[in-house]
Amino acid sequence: MRKISIIGAGNVGSTLALLIAINELADVVMIDVLPDMPKGKALDMLQMLAVFNSDVKVIGSNNYEDISGSDIVVITAGIARKPGMSREDLLSTNANIMKEVAYNVSKFAPNSIVIVVSNPLDAMTYLAYKILKDQGWSRFQVMGMAGVLDTARFKYFISEKLNISMDNIDAMVLGSHGDTMVPIISHTNIQGIPIRNLLGEQDLNNLIERTRNGGAEIVSLLKTGSAYYAPAASTLIMIKSILHDKKQILPVSVYCQGEYGYHDIVIGLPVVLGSKGIEKIIELNLDTDEKQQLDKSAEKIKQLCQELYTLNIVGQGG
Ligand code: APR
């Protein structure tokens, strides 16, 4: 059985563990700083698996030694947003947590592929990569989960507006996991029909705006935290493509070395995801307007990554 470890056994982490276990994809380890809590969740899940006669193993622990031998490590540790907060407001708290987590991952799961979910996503993935690259990780083995989630939100809003099945919708959201994310309209089709043939500019802009605020809309309803069902499911899709070497093209946050003209940032781009992690970054032909929006998003990410240097969380040597 393959092994997946999840650092942070909160809402996203434990929901992901549940999905992995129910799908019998791999054995699961949940690590958290809170004493006992991950053990309690694991025990509950094991008893759920007994109901299904499933022999998947689930471990909850406060000890990083338990992640050794992991094929994939997912990092969801950190604090979540409260109403009125932007993802960027989490930067300094979650960066300090990420630093500690990444060092432990490098020590105990040196051969793993790492998926970051903690926010602000692009900066947290950048930080994890900067730490892990010094320990031998390539930029294709450390990635962030954002585009699959933002695309799912966009697809849901399209399906609701047009009253058609999700099955018929091809869409992709790139860029930052924040206000500057870019739904790629030139590549959004309904059974091959360009979406602009089916929706007017005003309707389309409303859907784009709602997608950009998709996370905040849920935060304002939940009041005590942020979304977790769709984030966990989106991470599961990435895990499946890696574990089963499906080579799906998915929007994934990746460290750039010149792709789309970007250097030294992590940004959401279409990639081929297989057993080795990111196997290829796909360069799409974007409209001029879309490329400008992506550049704006890249600029915003750059500023946030710079803050990691200002706060002295990453050394100037990079
Ligand atoms: N090491 C391990 N776990 C930690 C650490 C740490 N240093 N610091 C915090 N945690 C744990 C918390 O104890 C908590 O159980 O991370 C968990 C986070 O869970 P939730 O508060 O439920 O947050 P969640 O909704 O799961 O979101 C986690 O993902 O989507 C993002 O913005 C979200 O950054 C947030 C992260």
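Just above sits the structure.
Residues take numbers from 1 onward in each chain, read along the sequence in its written order. The predicted origin of the model limits local features to residues at a pLDDT of at least 70 and limits the giving and counting of side-chain atom pairs to 80 or more, whereas totals for whole chains, interfaces and linings rest on all residues. Each side-chain value is worked out from all heavy atoms of the structure, with water and hydrogens disregarded.

Student: Go over helix 9 (residues 288–310), please, and point to the residues and values.
Tutor: The helix count covers DSSP runs of H or I at least four residues long, the strand count covers runs of E at least two residues long, and both are numbered beginning at the N terminus. Helix span is expected to be 1.5 Å times the residue number reduced by one. Taking 1.5 Å per residue as the helical rise, helix 9 with its 23 residues ought to reach 33 Å, and the 33 Å between its terminal C-alpha atoms agrees with that figure. Here helix 9 has its buried residues at E290, L294, S297, A298, I301, L304, C305, L308 and Y309. Once helix 9 ends, the next one or two residues include N312, with phi positive near 65°. We call a residue buried when its accessible area falls under 20% of the maximum for its residue type, exposed when it is over 50%, and partly exposed in between, using a 1.4 Å probe and counting protein chains only.

Student: How would you sum up the site of the ligand? Please name residues and give values.
Tutor: Around the ligand, the surrounding shell holds 20 residues, and the nearest of these are N11, V12, D32, T76 and N119. The separation between an oxygen atom of the ligand and a polar main-chain atom of G78 is 3.4 Å. A 3.5 Å cut-off defines polar contacts: any pair of N or O atoms within that distance qualifies, except that in protein one atom must be a possible hydrogen donor and the other a possible acceptor, and neighbouring residues in sequence count only when both atoms are side-chain atoms. Take N94: an N or O atom from its side chain is 3.4 Å from an oxygen atom of the ligand. Every accessible area reported is derived by Shrake-Rupley at a probe size of 1.4 Å, with residue values counting cover from the shown protein chains alone. Compared with its free state, where it exposes 720 Å², the ligand has 87% of that area covered by protein. Of the residues forming the shell around the ligand, the biggest block, 3 residues, is contributed by helix 3 (residues 91–108). Residues are counted as near a molecule or strand when any one of their heavy atoms sits within 4 Å of it.

Student: Tell me about unusual backbone geometry, and please be specific about residues and values.
Tutor: Look at the link from N119 to P120: it is a cis peptide, with omega at -5°. Summarising the element assignment, P120 is placed in the loop between strand 5 (113–116) and helix 4 (121–133). Backbone geometry at Q191 places phi at a positive 45°, although glycine is not the residue there. Relative to the helices and strands, Q191 resides in the loop between strand 10 (189–190) and strand 11 (193–194). If you check the backbone angles, D245 has positive phi at about 50° while not being a glycine. Structurally, D245 is set in the loop between helix 8 (229–243) and strand 12 (248–257). Relative accessible area serves as the criterion here: at 31%, D245 is assigned to the partly exposed category.

Student: Let's hear about the nonpolar core: which residues, and what values?
Tutor: Formed by 92 residues in total, the largest nonpolar core has its most connected members in I7, I20 and I239. With 9 residues, helix 4 is the single largest residue contributor to this core. Viewed by domain, this core spans two of them, domain 1 (3–144) and domain 2 (147–309), each represented by three or more residues. Any two residues whose heavy atoms approach within 4.5 Å at even a single point are treated as in contact. If we skip the residues at most four places from it in the chain, I7 touches I31, Y64, I67, V73, V74, I75, T76, A77, V101 and V105. Core analysis: the second largest hydrophobic core is formed by 14 residues, F154, I158, A171 and M181 among them. In this text, buried Ala, Val, Leu, Ile, Met, Phe, Trp, Tyr and Cys residues form a nonpolar core when linked through side-chain atoms within 4.5 Å. An automatic or database domain assignment supplies the start and end points of every domain.

Student: Outline the pairing of strand 12, listing residues and values.
Tutor: The buried count for strand 12 comes to 7 of 10 residues, which makes it a mostly enclosed element. Strands qualify as paired when DSSP identifies two bridges or more between them. Between strand 12 and strand 13 (residues 263–274), which follow one another and run antiparallel, lie 5 residues, and G258 among them has a positive phi close to 105°.

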